[in-house]
2 protein chains.
Amino acid sequence: MTYCVAIKLNAGLVFLSDSRTNAGLDQISSFRKMMVYEKAGDRFMVLLSAGNLSISQSVREILQVQQLHDAGDGKGDAPLTIWSATSMFDVARLAGAAVRRVYERDGAALQRAGVDFNVSLLLGGQIKGEGMRLFQVYSAGNFIESTAETPYFQVGESKYGKPVLDRVLTPDTPLNEAAKCALVSMDSTLKSNLSVGLPLDLVVYEEGRLATDRIVCIDENNPYFRMLHSRWGEKLRQVFDSIEDPAWNGGTTDVPIRVEPARSRPLKKITNPRDKLI
Amino acid sequence: MTYCVAIKLNAGLVFLSDSRTNAGLDQISSFRKMMVYEKAGDRFMVLLSAGNLSISQSVREILQVQQLHDAGDGKGDAPLTIWSATSMFDVARLAGAAVRRVYERDGAALQRAGVDFNVSLLLGGQIKGEGMRLFQVYSAGNFIESTAETPYFQVGESKYGKPVLDRVLTPDTPLNEAAKCALVSMDSTLKSNLSVGLPLDLVVYEEGRLATDRIVCIDENNPYFRMLHSRWGEKLRQVFDSIEDPAWNGGTTDVPIRVEPARSRPLKKITNPRDKLI
């Protein structure tokens, strides 16, 4: 599996991906899941992918060179590419079209082999003349866009790392704080799921720059990630210890776990075969 | 969906379940997912269930009255019930047999209706003369037992709340600390997944007691859970804030996120259609 997260803030964009790919448990390899497209001063875009690796590699290859002749803007048939598109929406259309081309080529054969046509993309960036935009593209080539209410998208093993994103992120979160939040989210995922692994690729993009130099590959020796991993683990444990344990007999606590009379009826024990279950 | 967790420690057992059941998003109801069987001084057992509600309710009904005539111990055919079994292993066999009886009755019709035969049970407790045991029973009626290396089992929406269990639990964890850990795990799950909801049922069992009075139903007014929810959220945020943000230009930090020379090659940007992807 994979874990990728992309965050859209007022201040910019954050992208983070792991690099583990597995087919079952005994074929584990390392593949990068992030692509960075940049024409400095004109456009900056990042693509993250999860799902079947053969599909996502083909999608990337096609996306890189693909020309769409239906520009969809009524301006005739100047071919649309990721390098000529004037909006991120059109780039998302190109990504969807690339997914559909791979489906046309491989879909039937994969189905015969019992393999799901499974790919998910996160695509975010900025093109000169437009604000930043972030999209999630599904296996059918359709896509949705992030809004202020939903400042992040995840693909792959997303559940382990979701609680911390929900607690921290809003559109006003500063860029480096959001990068830290993404790394904590990844750290929780790494801890609980074998199918997600180092190294990580992290990109931070500042609104309006149309280029970035904040790109880093984080392995087990990265000083920042090592600090974050050990501090978060340690401190979480301290917080956990600082919260009092439930006290069953009340009395000495302000926050009893058992209150009488209870509004919610406690479970009735079943004590013999003739007891009613409900 | 559902979230249930059961923990086996040297000191005892902890069981926690939510009570939300849904069929899609617009049919949400509240159903208890925990059953407590107790014959004080002789046996104490708890059953947690996730999956299709019609299946798990039938399993409970059958389990309550079922008699197996294959005792499997070569001692002839005295009927085996959850009230007469002399080991938790036999109770797990009864649970598996109950699942299989429901499958025989409903399996084909559910399949015709396109509904998966989906049920997962956690079954733990203690019978006089034996140590405590904890089992997970699958849809096929087969089951596994918890060991010291794996002190907990989860069913339902298990991923959101897994990281904190992995960080805290060992067989030596005290009973009430484990109960607190289960509640934190549930709190993270409630935050990130709509299909899991209050009230919660919590049971704490002390090794060797063969009965318990620590059974509570926790709703939104429970003083302990309210404290835990707000303290955990607040403190987690403080810990998050106490960790420094990544500093891209090094210099003032001991833990730069970018290190030169990098062992792991940072991603190459794609800057035009002729760039190589790999």
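Residues numbered from 1 in each chain as written. Chains lettered and ligands numbered in written order. Predicted model: local features only at pLDDT ≥ 70, side-chain atom pairs only at ≥ 80, totals over all residues.

## Structural notes on the overall build of chain A
- Scanning chain A for helices and strands turns up five helices and 12 strands.
- What you see for chain A is a C-alpha radius of gyration of 23 Å, clearly larger than the 19 Å of a compact globule of 278 residues, by over 25%.
- Seen through its principal axes, chain A has C-alpha atoms that stretch 75 × 45 × 40 Å.
- Classification of the 278 residues of chain A by burial places 47% in the buried group. (Helix = DSSP H or I, 4+ residues; strand = E, 2+ residues; numbered from the N terminus. Rg over C-alpha atoms; globule rule 2.2 N^0.38 Å. Buried ≥ 20, exposed ≤ 12 C-beta atoms within 10 Å, placed from the backbone.)

## Describing unusual backbone geometry
All names here are of chain A.
- In this structure, the amide linkage connecting Leu198 to the following residue, Pro199, adopts the cis form with an omega of -5°.
- Tracing the chain through its elements places Pro199 in the loop between α4 (175-192) and β11 (200-206).
- Of note in the backbone geometry, Leu210 takes a positive phi value of approximately 55° without being a glycine.
- Of note, Leu210 is situated in the loop between β11 and β12 (214-218).

## Here's the deal with the sheet that holds strand β10 (residues 152-156) of chain B
All names here are of chain B.
- As summarised here, the arrangement of the five strands in space is β10-β1-β2-β11-β12, forming an open sheet in which the pairing is antiparallel. Lying at the two open borders of the sheet, with one neighbouring strand each, are β10 and β12 (214-218). For this sheet, the mean inter-axis angle between neighbouring strands, taken without regard to orientation, is 10°.
- Pairing of strand β11 (residues 200-206) with β12, which is carried by five bridges, proceeds in the antiparallel orientation. Counterpart to Leu200 in the pairing with β12 is Ile218.
- In the packing of helix α4 (residues 175-192) onto the sheet, contacts are made with β1 (3-8), β2 (12-17) and β11, and the angle to β2 comes to roughly 20°. (Pairing = 2+ DSSP bridges. Axes fitted to C-alpha atoms, helices over the stretch in contact; angles between N-to-C directions. Contact = placed C-beta atoms within 7 Å.)

## Focus on the relation of the copies chain B and chain A
- Overlay of chain B on chain A (RMSD 0.0 Å): rotation 180°, translation along the axis 0.0 Å. What the superposition gives is, in effect, a two-fold axis relating one chain to the other. Among all residues of chain B, the minimum C-alpha distance to the rotation axis is found for Tyr160(B), at 2.3 Å.
- Most of the interface of chain B is mirrored in chain A: 99% of its interface residues are interface residues there too. (Least-squares fit on C-alpha atoms with pLDDT ≥ 70 in both.)

## Some remarks on the packing of α4(B) against helix α5 (residues 223-242) of chain B
Residue and element names in this part refer to chain B.
- At a minimum axis distance of 10 Å, the contact between α4 and α5 shows a crossing angle of 65°. In terms of orientation, α4 lies roughly perpendicular with respect to α5. Helix-helix and strand crossings are classified by hand; for α4 and α5 the assignment is right-handed. Each of Leu183, Val184 and Asp187 in α4 lies in contact with α5, whose residues at this interface are Phe225, Leu228, His229 and Trp232. (Parallel < 35°, antiparallel > 145°, perpendicular 65-115°, else oblique. Left-handed = near helix turned anticlockwise from the far one by under 90°.)

## Re the sheet that holds strand β1 (residues 3-8) of chain A
Residues and elements named next belong to chain A.
- The antiparallel open sheet is built from five strands, whose spatial order is β10-β1-β2-β11-β12. Sheet topology places β10 (152-156) and β12 at the edges, where each strand pairs with a single neighbour. Within this sheet the neighbouring strands show an average axis-to-axis angle of 10°, counted without direction.
- Inspection of the sheet shows β1 paired to β10 by five bridges, in the antiparallel sense. Within β10, the residue paired with Cys4 across the bridge is Val155.
- Against the sheet, α4 contacts β1, β2 (12-17) and β11, and its axis sits at roughly 20° relative to β2.

## Quick notes on α5(B)
- Compared with the 28 Å implied by 1.5 Å per residue over 20 residues, the 28 Å span of α5(B) between its first and last C-alpha is a close match.
- Those residues of α5(B) lying buried are Tyr224(B), Phe225(B), Leu228(B), Trp232(B) and Leu236(B). Each buried residue of α5(B) lies within a common arc of 85° when the element is viewed along its axis, so the set occupies one face. Among the exposed residues of α5(B), those oriented more than 90 degrees off its buried face are Ser230(B), Glu234(B), Gln238(B) and Asp241(B).
- Contacts made by the buried residues of α5(B) are with α3 (162-168) and α5 (223-242) of chain A together with α4 and β12 of chain B. (Expected span 1.5 Å × (residues − 1). Arc of directions from axis to C-beta.)

## Side note on the interface of chain B and chain A
- Facing the 70 residues of chain B at the interface are 70 residues of chain A.
- Looking at the side of chain B that touches chain A, the elements with two or more residues in it are β5 (34-39), α1 (53-65), α3 (162-168), α4, β12, α5 and β13 (269-270) of chain B.
- At 13 residues, α5(B) tops the list of elements feeding residues into the side of chain B that touches chain A.
- Its residues placed into classes, the side of chain B that touches chain A shows 36 nonpolar, 11 polar and 23 charged.
- Direction of pairing for strand β5 (residues 34-39) of chain A relative to β13(B): parallel, over a ladder of two bridges. Bridge pairing in β13(B) places Val36(A) opposite Lys269(B). (Nonpolar A, V, L, I, M, F, W, Y, C, P; charged D, E, K, R; others polar.)

## Considering α1(B)
All names here are of chain B.
- The end-to-end C-alpha separation of α1 is 19 Å, in line with the 18 Å expected for 13 residues at 1.5 Å each.
- Among the residues of α1, Ile55, Ser56, Val59, Leu63 and Gln64 are the ones counted as buried. The buried side chains of α1 occupy one side of the element, clustering within an arc of 165° when seen end-on.

## Points about the environment of Ile82(B)
Residue and element names in this part refer to chain B.
- By the element assignment, Ile82 lies in the loop between α1 and α2 (88-112).
- Looking at Ile82, the number of C-beta atoms within 10 Å reads 27, which means it is buried.
- The sequence separation of Ile82 and Met45 amounts to 37 residues, and the corresponding C-alpha distance is 9.1 Å.
- Once residues within four sequence positions are removed from consideration, Ile82 is found in contact with Tyr37, Met45, Leu63, Val91 and Leu94.

## Quick look at the environment of Tyr224(A)
- The topology assignment puts Tyr224(A) in helix α5.
- In contact with Tyr224(A), other than residues within four places in its own chain, are Pro246(B), Val255(B), Pro256(B) and Ile257(B).

## So, the pairing of strand β7 (residues 119-127) of chain A
Residues and elements named next belong to chain A.
- Along β7, nine of the nine residues are buried, which leaves the element largely enclosed by surrounding structure.
- Sheet topology note: the strand β6 (residues 43-51)/β7 ladder contains nine bridges and is antiparallel. Bridge pairing in β7 places Ser49 opposite Leu121.
- In sequence, β7 turns back onto strand β8 (residues 133-137) through a hairpin of five residues, with Gly129 there showing a positive phi of about 95°.

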